[in-house]
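Here is what each chain is made of, one letter per residue.
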2 protein chains.
Amino acid sequence: MSFQAKLDLIVKNNNSLVCVGLDSDFDKLPESVKKEKYPQFSFNKAIIDATAQYVCAYKPNSAFYESQGEKGIQELKMTIDYLRNKYPGIVTILDAKRADIGSTNKGYVEFIFDYLGFDSVTLHPYLGKEALQPFLMRKDKGCIILCRTSNPGAGEFQDLVVNGKPLYQIVAEKVIHDWNSNDNCLLVVGATYPEELKKIRKISGDMTFLVPGTGAQGGDIEETMKAGLNSKNAGMIINSSRGIIFASNKEDFAEVAGKEAHKLLNAINKYR
Amino acid sequence: MSFQAKLDLIVKNNNSLVCVGLDSDFDKLPESVKKEKYPQFSFNKAIIDATAQYVCAYKPNSAFYESQGEKGIQELKMTIDYLRNKYPGIVTILDAKRADIGSTNKGYVEFIFDYLGFDSVTLHPYLGKEALQPFLMRKDKGCIILCRTSNPGAGEFQDLVVNGKPLYQIVAEKVIHDWNSNDNCLLVVGATYPEELKKIRKISGDMTFLVPGTGAQGGDIEETMKAGLNSKNAGMIINSSRGIIFASNKEDFAEVAGKEAHKLLNAINKYR
């Protein structure tokens, strides 16, 4: 099954565009969880079980696992194995923001798609399509290209004007018209920039966007929904990380995360 | 000691601008090495011992270790530990091509600079200075920003014209004039593009460039040297990976790597 087919199915089955960001920063875990043998995995497992019915996707950010060395990589692997076994219908995204030159990307492709077994990965555009071929040629996987990121300083390069258009629009156009021949590309567009989201939706047909920046980063759900939905009343994977997983840092963290995910689902579905 | 001071010292002591890229792709290791308990580390150790007198820096590319899972990360750690203990004067670069949004970069900073203990890392510019602050604020470490990469398709975005200048030049100008307040920034400029290298040298004073693309990728040493040297007859870290470490895949691989590194050193020093 293609990435998009898997996504469409879970969006329908769970009636959800919600993605929970498993940014399980060790320092922020509840004290009781920190003492466990596999703290990041234990935390993720509890969060996943409490939120799975409300989501279409999970997105661990690689940095929070790498910062723990081999142990972190092991717990990331345990997390993705748990997801694949217990919730095989839910889409998995490794937020790794990779991109190297051609031959070297093969190492990342092997690690992310084959060793870990993620359905998709986030990628930097700066080295161009030729460099990203080892990712793009994987028809079964999703390639999620950074277009307009959610951070306050995103515009430094992304707003530079090229032939009368901002660079982020050029990135979007290239991905839409040239990079997507295997129908496996998505774009990252931050919820913190609804005007840009609207603009990119206009030029990209029904392509799916990964939309970070709601919740802790301040992106507004109503604006995001009005700007970003596609013609099929979908086309967005709307991510919240800290706002869900760290909503409580007490024993009830998983229960509270479940409630927050449910709340986000309802807030989103109000505009669908 | 700052990154630049450490680099200046080893460039002087070893009279070398050579960097050996430890792109120790498991599949390409000699058969005898593949059978060892820690094949990537064993290979690196032998390569390092055979080449250390000819180099100023070592640059493992993270992808080749990540592709081996936890084991690869462990062998990357063993490699950097070996370098720091046995050759503490030689500069270490993790070619990881990272960049996330601010708070997330802290995870990468901890992993690369503190857990592994590298002197420097390669970084994507697309998210802007604000996002990269956790790296840039580390005065003791080198931040090596992708500017003009060595791959054939590098120009897709990097040559786009912004205000009459190619994007790679805008990246260089921003790094030189705005990002480098801690005097810890470098630029990646591929040896496969000597004209661009010349242009970037003209505008960047004595800033050091990491220069990949000689050897297997086809960059010419004479052209590179004429285009890239700074006013101090240095200012480049010239990397060769496959051309040195995989020059032989037989038992004599380390000896041959030593000879190739020496040859590259001589080829470079002919133009200094």
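Residues numbered from 1 in each chain as written. Chains lettered and ligands numbered in written order. Predicted model: local features only at pLDDT ≥ 70, side-chain atom pairs only at ≥ 80, totals over all residues.

1. Let's talk about the overall build of chain A
- When you go through chain A residue by residue, the secondary structure sums to 13 helices and 10 strands.
- Against the globule reference of 19 Å for 272 residues, chain A gives a C-alpha radius of gyration of 18 Å, in line with a compact fold.
- Looking at chain A as a whole, 58% of its 272 residues are labelled buried.
- Sequence separation of at least 24 residues holds for 73% of the intrachain contacts in chain A that already meet a minimum separation of 6. (Helix = DSSP H or I, 4+ residues; strand = E, 2+ residues; numbered from the N terminus. Rg over C-alpha atoms; globule rule 2.2 N^0.38 Å. Buried ≥ 20, exposed ≤ 12 C-beta atoms within 10 Å, placed from the backbone. Contact = placed C-beta atoms within 7 Å.)

2. Considerations on helix H13 (residues 253–269) of chain B
- Counted at 1.5 Å a residue, the expected span for H13(B) with its 17 residues is 24 Å, and the 24 Å between its end C-alpha atoms agrees.
- Contacts from the buried residues of H13(B) go to strand E1 (18–20), helix H3 (39–51), helix H11 (221–228), strand E10 (236–240) and helix H12 (242–245) of chain B. (Expected span 1.5 Å × (residues − 1).)

3. Quick look at the nonpolar core
- Core analysis: the biggest nonpolar cluster contains 180 residues, and A:Val18, A:Cys56, A:Ile145, B:Val18, B:Cys56 and B:Ile145 have the highest contact counts within it.
- In this view, B:Ile145 contacts B:Leu123, B:Pro125, B:Val171, B:Val175, B:Cys185, B:Leu187 and B:Val188; residues no more than four positions away in its chain are not counted. (Core = buried A, V, L, I, M, F, W, Y, C linked by C-beta atoms within 7 Å.)

4. Overview of the interface of chain A and chain B
- Across the contact, 42 residues belong to chain A and 43 residues belong to chain B.
- Partitioning the side of chain A that touches chain B into residue classes produces 20 nonpolar, 13 polar and 9 charged. (Nonpolar A, V, L, I, M, F, W, Y, C, P; charged D, E, K, R; others polar.)

5. Describing the confidence of the model for chain A
Residues and elements named next belong to chain A.
- Overall, the predicted model of chain A reaches an average pLDDT of 97, with 100% of residues at or above 70.
- Looking over chain A, one finds the lowest element-wise mean pLDDT in helix H6 (residues 102–116), namely 93, and the highest in strand E2 (residues 57–58), namely 99.
- As scored by the predictor, the complex reaches a pTM of 0.98 and an ipTM of 0.96. (pLDDT = per-residue confidence, 0-100.)

6. Some details on the relation of the copies chain A and chain B
- Overlay of chain A on chain B (RMSD 0.0 Å): rotation 180°, translation along the axis 0.0 Å. The superposition of one copy onto the other is thereby described by a two-fold rotation axis.
- Same-surface contact between copies: 100% of interface residues of chain A are shared with the interface of chain B. (Least-squares fit on C-alpha atoms with pLDDT ≥ 70 in both.)

7. Some thoughts on the sheet that holds strand E10 (residues 236–240) of chain A
All names here are of chain A.
- Taken in spatial order, the 8 strands of this closed barrel run E1-E2-E3-E4-E5-E8-E9-E10, and their pairing is parallel.
- Bridge analysis of strand E8 (residues 185–189) against strand E9 (residues 209–211) gives 2 bridges, and the strand direction is parallel. Paired with Leu-187 across the strands is Phe-209, a residue of E9. (Pairing = 2+ DSSP bridges.)

8. Observations concerning the environment of B:Val256
All names here are of chain B.
- Mapped onto the fold, Val-256 is located in helix H13.
- In this structure Val-256 comes out as partly exposed when scored by C-beta crowding, with 18 C-beta atoms within 10 Å.
- Along the sequence, Val-256 and Ala-50 sit 206 residues apart, while their C-alpha atoms lie 8.6 Å from each other.
- Discounting chain neighbours no more than four positions away, the residues touching Val-256 are Ala-247 and Ser-248.

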